[in-house]
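What the coordinates show
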Amino acid sequence: MARLQHDADTVVERFQPTSGRISGWLTVAFCVALVVAGVAYLDQGFPAWVAAAGLLVGVLAWAAMLRPALWATEEHLVMRNLAETVHIRLAAIEELAVRQVLAVRADDRRFVSTVVGRSWRKAMLARRTPGADDGPRDGMSYADWAEHRLHELVDAARKGAGVRPGSREQLALPHPVRREPDVVPLVLIATSCVLLLVSFFV
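This section reports on the structure supplied with the text. Every value quoted in this text rests on a predicted model; they were computed, and no experiment measured them.

So, the overall build of the protein chain
When helices and strands are tallied, the protein chain shows seven helices and eight strands. For the protein chain, the proportion of its 202 residues judged to be buried stands at 39%. Surface summary for the protein chain: the accessible area is close to 12100 Å², and the carbon and sulfur share equals 61%.

Quick look at the sheet that holds strand β5 (residues 93–98)
Read across the open sheet, the three strands follow the order β5-β6-β7; overall the sheet is antiparallel. Single-partner strands in this sheet number two, and they are β5 and β7 (109–113). For this sheet, the mean angle separating the axes of adjacent strands, direction not counted, is 15°. Docked against the sheet, helix α5 (residues 142–161) engages β5 and β6 (102–106), running at close to 170° with respect to β5.

Some details on the sheet that holds strand β8 (residues 177–181)
Pairing is antiparallel in the open sheet, where five strands are placed in the order β1-β2-β3-β4-β8. With partners counted over all chains shown, the strands left at the sheet margins are β1 (11–15) and β8, one partner each. Each strand of the sheet is rotated relative to its neighbour by a mean of 15°, with strand direction disregarded. Alignment of strand β2 (residues 69–73) against strand β3 (residues 76–80), held across four bridges, turns out to be antiparallel. Note that in β3 the partner of Ala72 across the bridge is Leu77.

Quick notes on the side chain of Arg158
Among the structural elements, Arg158 can be located in helix α5. A polar contact is formed between the side chain of Arg158 and the backbone oxygen of Glu94, at a distance of 3.0 Å. Setting aside residues no more than four positions away along its own chain, Arg158 makes contact with Ala91, Ile93, Glu94, Glu95, Val163, Pro165 and Gln170.

Regarding the packing of helix α2 (residues 21–41) against helix α3 (residues 48–66)
As a packed pair, α2 and α3 sit with axes 8 Å apart at the nearest point and diverge in direction by 155°. With respect to their mutual orientation, α2 and α3 come out roughly antiparallel. For the pair α2 and α3, the sense of crossing is left-handed. Contact residues: Arg21, Ser23, Gly24, Trp25, Thr27, Val28, Cys31, Leu34, Val35 and Gly38 in α2; Val50, Ala51, Gly54, Leu55, Val57, Gly58, Ala61, Trp62, Met65 and Leu66 in α3. Along the lines of polarity and charge, the residues of the contact of α2 with α3 split into 13 nonpolar, six polar and one charged.

Description of the pattern of salt bridges
Taken as a whole and assessed by the stated rule, the structure comprises eleven salt bridges. Between Glu180 and Arg178 there is a salt bridge, and its shortest N-O distance comes to 3.1 Å. Classification of Glu180 as partly exposed rests on a relative accessible area of 31%. By relative accessible area, Arg178 is classed as partly exposed at 38%. Each of the salt bridges in this network shares a partner with another, and the network as a whole consists of Glu13, Arg149 and Glu152.

The rules behind these values
Residues numbered from 1 in each chain as written. Predicted model: local features only at pLDDT ≥ 70, side-chain atom pairs only at ≥ 80, totals over all residues. Heavy atoms only, no water. Helix = DSSP H or I, 4+ residues; strand = E, 2+ residues; numbered from the N terminus. Buried < 20%, exposed > 50% of the residue type's maximum accessible area, 1.4 Å probe, protein only. Areas by Shrake-Rupley, 256 points an atom, 1.4 Å probe, with all protein chains shown as cover. Pairing = 2+ DSSP bridges. Axes fitted to C-alpha atoms, helices over the stretch in contact; angles between N-to-C directions. Contact = heavy atoms within 4.5 Å. Polar contact = N/O pair within 3.5 Å; in protein donor to acceptor, adjacent residues only side chain to side chain. Parallel < 35°, antiparallel > 145°, perpendicular 65-115°, else oblique. Left-handed = near helix turned anticlockwise from the far one by under 90°. Nonpolar A, V, L, I, M, F, W, Y, C, P; charged D, E, K, R; others polar. Salt bridge = Lys/Arg side-chain N within 4 Å of Asp/Glu carboxyl O.

Everything listed is a geometric property; what it means functionally is a separate question.
Here it is as structure tokens:
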């Protein structure tokens, strides 16, 4: 049983982020500089609330722009977002599309990942272009490839489970979605908020 669980959790595809990393790191670096300056020069009149605000913004930038990840295991599409990790059973996915973000519909709910996405203009072109999912081709953008690969994984999972998209059999699949709150970012955000409030009284 443990071996089967291990196989089901094996990562078969890890998707790379298409945007936000550079601006995320720059924001975090700037906020770290603010916090360091606040600690070093607090006795010389550096506003405590500025350092605390920098800490909060830095934590939020890390959680929202650098922490998100997207990967697929043998059975699930896994979205790690700002403060939770969502495991979506591949066979239970009714539809998916990569626009400005990745949107997935499963268990009659919509889930979003910011890891893979297109610019507004490219998202509009992809929506209007017929045959956008014909398969890999020369010069294909990473977002196009990721969307094609996701469709491949979902189609294979549906075939293995013997279900069609939107069918009663698909809707009846057990445990289609599992959501797990992530303690570390939640604690860091809460702590930063408390420090910011306290800083106004220092």
